[in-house]
Amino acid sequence: MILTYYTATTMIVIAYLLGSIPSAVWIGKKYYGIDIREHGSKNAGTTNMLRVLGRRAALPVFALDFLKGFVAVTIIEMLKYDVHIGDNDLINLKIAAVFAAVLGHIFPVFAGFRGGKGVATLVGAVTGIYPPVALLCFGVWFVVLMVSHYVSLASMAAGCCFPLFTLISPKVNQSVSFVVFSFVIAILLIYTHRKNIERLKAGTESKTYIWKPRRIHPAGAAPGKDAAPEDAPSGAGQTPGKREK
């Protein structure tokens, strides 16, 4: 039994360490020579990477953040072979791994405890527990983003739908811990986006256009000349962080 506790604790610690991998910070420094936390919204996440450095930088960040959340939860599945751990215990441990991975993303030990909001990591982690609910939430996120072009609004809408989808899913709505978890996540998403809510009310929240090519003038080029490719870093020829107010 002691070995079971030790193994479970180790898995949770690993989940935190996986979440602490600062993909946005490392990619920004390695390939663009900037610390993304000093530019734009100063958030080490996919949205800020997209606004400051473009899709070419944002896509791998999203993939890595999603993957680390997914792996952090799926490795818990190995504990099902422990005779001391039942199905309900396994669900509870996966939920603990979700919180550990997201906490690692927000406070990464490998990046001075300054990370992002953990939305992509959360999506990957929830996918590791029950993919159908995660896919439904992603669908809500995508539709709201395409209509409003506000990533923050799309994230909050998807988060609020999470407990609703959980309650109508027969495979997980019998798990009290998972239902409570879904409501906690919805509340936390609203809380972590409180500044975005203020900007949405004031009409100052930045919009994100995934499919709309951005016309960016290369350094030294006069307006009207050939623009840089749409995946070029935003604010080419100036400090990247000045593009976002």
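Note that the structure is a prediction, hence the values are computed from the model and not measured.

Is there a simple way to think about unusual backbone geometry in this case?
Peptide bonds are trans in most cases, and residues, glycine excluded, mostly fall at negative phi. Positive phi values are uncommon outside glycine, yet Lys42 reaches one of about 65 degrees. Secondary-structure assignment places Lys42 in the loop between α2 (23-32) and α3 (46-53). Backbone geometry places His149, a non-glycine residue, at a positive phi of 70 degrees. Note on placement: His149 falls in the loop between α7 (131-148) and α8 (151-167).

I keep staring at the packing of aromatic side chains and nothing clicks. Help me out?
Tallying each qualifying case throughout the model produces eight aromatic pairs. Note on Phe162 and Phe178: the rings are 6.0 Å apart at their centroids and 90 degrees apart in plane angle, and the pair reads as edge-to-face. Residue Phe162 is found in helix α8, and its partner Phe178 is found in helix α9 (residues 176-192); the two are separated by 16 residues along the sequence. Given a relative accessible area of 3%, Phe162 falls into the buried group.

Where do I start with the pattern of salt bridges in this structure?
Should their charged atoms come close, side chains of opposite charge can pair. The tally for this structure, following the rule as stated, stands at six salt bridges. A salt bridge links Lys80 to Glu77; the nearest nitrogen and oxygen atoms lie 3.7 Å apart. Residue Lys80 is classed as partly exposed on the basis of its relative accessible area, which comes to 43%. Across the pair Glu205 and Arg199 runs a salt bridge whose closest N-O atoms are separated by 2.8 Å. A relative accessible area of 7% places Glu205 in the buried class. Bridged by salt links that share partners, the residues Glu77, Lys80 and Lys94 form one connected network.

Even after reading the chapter, I still don't get the confidence of the model for the protein, so can you show me in this structure?
Note: predicted coordinates in regions of low pLDDT should not be interpreted at a detailed level. For the protein, per-residue confidence averages 86 on the pLDDT scale, and residues scoring 70 or more make up 86% of the total. Counting contacts from residues 241-245, a segment whose pLDDT is below 50, to residues more than four positions away or on other chains yields eleven contacts.

Please clarify how the environment of Arg199 should be interpreted in this entry.
One can find Arg199 in helix α10 (residues 194-202). Ignoring sequence-local partners within four residues, the contact set of Arg199 consists of Thr204 and Glu205.

Any chance you could explain the packing of α2 against helix α4 (residues 55-74) here in plain terms?
Working note: a packed helix pair is described by the angle between its axes plus the distance between those axes. Following both chains from N to C, one finds α2 and α4 inclined at 145 degrees, their axes separated by 9 Å at the closest point. With respect to the hand of their crossing, α2 and α4 are arranged in right-handed fashion. Contacts between α2 and α4 involve Ser23, Ala24, Ile27 and Tyr32 on the former and, on the latter, Arg56, Ala57, Pro60, Val61, Leu64 and Asp65. Its residues placed into classes, the contact of α2 with α4 shows seven nonpolar, one polar and two charged.

Cut-offs and rules
- Residues numbered from 1 in each chain as written.
- Predicted model: local features only at pLDDT ≥ 70, side-chain atom pairs only at ≥ 80, totals over all residues.
- Heavy atoms only, no water.
- Helix = DSSP H or I, 4+ residues; strand = E, 2+ residues; numbered from the N terminus.
- Phe/Tyr/Trp six-rings, centres within 6.5 Å; stacked < 30°, edge-to-face > 60°.
- Buried < 20%, exposed > 50% of the residue type's maximum accessible area, 1.4 Å probe, protein only.
- Salt bridge = Lys/Arg side-chain N within 4 Å of Asp/Glu carboxyl O.
- pLDDT = per-residue confidence, 0-100.
- Contact = heavy atoms within 4.5 Å.
- Axes fitted to C-alpha atoms, helices over the stretch in contact; angles between N-to-C directions.
- Left-handed = near helix turned anticlockwise from the far one by under 90°.
- Nonpolar A, V, L, I, M, F, W, Y, C, P; charged D, E, K, R; others polar.

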